[in-house]
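Below are the chains, spelled out letter by letter.
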Amino acid sequence: MNATVCNPLLRTPLSLIIDDSCPVINLTYYWMHQWLAWRPKHRPDLPPARWEGNPIVPKLSRTIPVDFAKKWGEWCGEQGIRGKFSFIPFPAGQGRVDQGFADHPRHLLADWLKLTKEIIWPNFDLTPEMLTHSHVADIKTWELTPQWEQVDWVNPPVEKLTDYIATAMQLLKNAGIPCEGVTSPGAFGKRNEAAYSKAILDAALRVNNNPRPFYFLWLDDRKPPGVPLWHAQKDKGIAIASVWSCAGDWFGSWTGFDKGDPDRFITEDLKGGRLPAVLEKELPCVLCGHWPGFYFEGEEFGFNVLKTVKKRLDAYDPDKTKTLWMKNSEIGHYWMARELSDIAVADGKVTITTKFPTANFTLKLDDCAAKRVQVAGADLRQVASRRDFRSGTFLVEAKATYAAFPLKEGATVLHVAQQGRVSLA
Ligand SMILES: [Zn+2]
């Protein structure tokens, strides 16, 4: 008998990342206006961006309605979609999530917090996307500096980094949201990922006592995706996971006025596009879109792309045996358990020793047709098909046994009694 860790419940993780979302304001409106004021003064050498000069820019909405967020969040909940939703704590420097937005009606922040906590949070990790997602803020005076988080801090000043990230986390915590990780605004931190990921981990431990956070920095629509782990301390149960997106924003873009295309994710015949290629390899399939693009100035173009993509993903996996929607933090925790646990097999017994607990831990036992599997002395229920395979059950297929259960910290012992063999237990 040999034991290996499989994907959770033998299903490939699916996850939806939402960037640039924040309470009250439309980040893109402020981001673009701050950029237009800054560039001629500080970087006249830079050519104008593609969006500059578009007549829609001055007319963009300053807010994205909380009613849209409610509709979007409820729909995602009904559909079983899970992922990560940015909640920028000091968006474009317009107001703090724990204090308020001076230029907007007072009740809006309270409405946003209530909606986000009740409707979105159950299915999505809420993260900072650093402090402002525009200019770097001075965390002593709360003034915006001429530096940009995603320009100047691509190669971040390491000595300031942990305090800056911890401040972003603290504002969310003050608003009642202890975050599970962070999102990088653009390429923030990218050129010194070792220092950046260490700073996130240190900040997560400091603010939320969270030893197993995640971050979202990388998006690659060509390479096979993975979940790299950084700074793992196996004996202490400490590590940080980098959750990669495998697809571009083909919803409605960060601008909120550039149309995407569902076919780039998955075509109607379910064969073309990026997602089937990733799902066939059974690699974590993480989609990414930007909040203003789902709203699309009220046209909801990106939201409609999401509806089409979800319908096609459901058709791709009609009996829900191939895919499993997960939050980013759940993917991070699973990969830590998968890569940082010790598994020993001897005499019909499998012992897993770990500091990295996870839900839906799934083991394959080769060369083993089990008639009884016990985890920590309690029986797993045998099921006959993958459709019924869930945590707390085992399944025998050909000459292998699959067992799924919540993995707890410490040592977990599986007792396996095989068909046609005399049990000595
Ligand atoms: Zn962003």
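Structural data are supplied above this passage.
Residues numbered from 1 in each chain as written. Predicted model: local features only at pLDDT ≥ 70, side-chain atom pairs only at ≥ 80, totals over all residues. Heavy atoms only, no water.

Engineer: What am I meant to see in the overall build of the chain here?
Structural biologist: When you go through the chain residue by residue, the secondary structure sums to 10 helices and 21 strands. At 23 Å, the chain has a C-alpha radius of gyration in line with the 22 Å of a compact globule built from 425 residues. Dimensions of the chain along its principal axes, counting C-alpha atoms only, are 80 × 50 × 40 Å. By residue count, 55% of the 425 residues in the chain fall in the buried class. The long-range share in the chain, meaning contacts at least 24 apart out of those at least 6 apart in sequence, stands at 77%. Per element, the accessible surface of the chain, about 17900 Å² overall, is 49% carbon and sulfur. In the chain, the 52 positive side-chain charges and the 49 negative ones have mean positions that sit 4 Å from each other. (Helix = DSSP H or I, 4+ residues; strand = E, 2+ residues; numbered from the N terminus. Rg over C-alpha atoms; globule rule 2.2 N^0.38 Å. Buried < 20%, exposed > 50% of the residue type's maximum accessible area, 1.4 Å probe, protein only. Contact = heavy atoms within 4.5 Å. Areas by Shrake-Rupley, 256 points an atom, 1.4 Å probe, with all protein chains shown as cover. Lys, Arg positive; Asp, Glu negative; His and termini not counted. Charge placed at Lys NZ, Arg CZ, Asp CG, Glu CD.)

Engineer: Just checking my understanding: could you explain the coordination of the zinc ion for this structure?
Structural biologist: Six octahedral donors at a metal ideally form angles of 90 or 180 degrees, and four tetrahedral donors ideally form angles of 109.5 degrees. Within the protein, the atoms that donate to the zinc ion are D20 (OD), E129 (OE) and H133 (NE2), at distances of 2.0 to 2.1 Å. Read in sequence order, the donor residues for the zinc ion give the motif D-x108-E-x3-H. Placement of D20 in the loop between β2 (12-19) and α1 (27-42) and of E129 in the loop between β4 (124-127) and β5 (135-137) is noted, with a sequence separation of 109 residues between them. Per residue, the accessibility class of D20 equals that of E129, and both read buried. (Donors = N, O, S within 2.8 Å, 3.2 Å for Na, K, Ca; no water.)

Engineer: What is the right way to read the sheet that holds strand β1 (residues 2-5) from this model?
Structural biologist: Two modes of strand pairing occur in sheets, parallel and antiparallel, and in both the strands are linked by backbone hydrogen bonds. The five strands lie next to each other as β1-β15-β20-β19-β18, forming an open sheet whose pairing is mixed. What marks the edges here is a single partner per strand, and that holds for β1 and β18 (381-383). On average, adjacent strands in this sheet sit at an angle of 30° to one another, irrespective of strand direction. Where β18 and strand β19 (residues 393-397) come together, three bridges link them in parallel fashion. Among the inter-strand pairings, Q382 is bridged to a residue of β19, identified as F394. Across the sheet, helix α10 (residues 328-340) touches β1, β15 (358-366) and β20 (400-407), and the angle it forms with β15 is around 40°. (Pairing = 2+ DSSP bridges. Axes fitted to C-alpha atoms, helices over the stretch in contact; angles between N-to-C directions.)

Engineer: Help me understand the nonpolar core, please; the structure alone is not making it clear to me.
Structural biologist: For soluble globular proteins, nonpolar side chains are generally found buried alongside one another. By size, the foremost hydrophobic cluster in this structure holds 91 residues, and its most contacted members are L16, W72, I165, Y196, F265, W291 and L306. Of the residues forming this core, the biggest block, eight residues, is contributed by helix α4 (residues 158-174). Leaving out residues up to four positions away in the same chain, L16 has contacts with W72, I81, R82, G83, K84, F124, F251, L287, L306 and W325. (Core = buried A, V, L, I, M, F, W, Y, C linked by side-chain atoms within 4.5 Å.)

Engineer: Just checking my understanding: could you explain the pattern of salt bridges for this structure?
Structural biologist: Close approach of charged atoms allows side chains with opposite charge to pair. In total, this model carries 21 salt bridges according to the counting rule given. A salt bridge links D314 to K310, with the nearest nitrogen and oxygen atoms 2.9 Å apart. Taken together, the positions of D314 and K310, both in helix α9 (residues 301-316) and four residues apart, correspond to about one turn of that helix. Given a relative accessible area of 27%, D314 falls into the partly exposed group. (Salt bridge = Lys/Arg side-chain N within 4 Å of Asp/Glu carboxyl O.)

Engineer: Looking at this structure, how should I read the pairing of strand β10 (residues 238-242)?
Structural biologist: On a regular strand, one side chain projects to one face of the sheet and the next to the other, so that they alternate. For β10, a buried count of five out of five residues is recorded, marking the element as mostly surrounded by other parts of the structure. Residues of β10 alternate between two faces, with I238, I240 and S242 on one and A239 and A241 on the opposite face, all of them buried. As defined by bridge partners, strand β9 (residues 229-233) adjoins β10 across three bridges and the pair is classed as antiparallel. Residue pairing in the sheet places W230 in a bridge with I240 of β10.

Engineer: Can you walk me through the packing of helix α2 (residues 66-79) against helix α3 (residues 107-120) in this structure?
Structural biologist: Two quantities define a packed helix pair, namely the angle between the helix axes and the distance between the axes. Two elements in contact, α2 and α3, have axes separated by 10 Å at closest approach and are oriented at 5°. Here α2 is positioned roughly parallel relative to α3, judged by the angle of their axes. In contact with V66, A69, K70, G73 and E74 of α2, α3 contributes D111, W112, L115, I119 and I120. (Parallel < 35°, antiparallel > 145°, perpendicular 65-115°, else oblique.)

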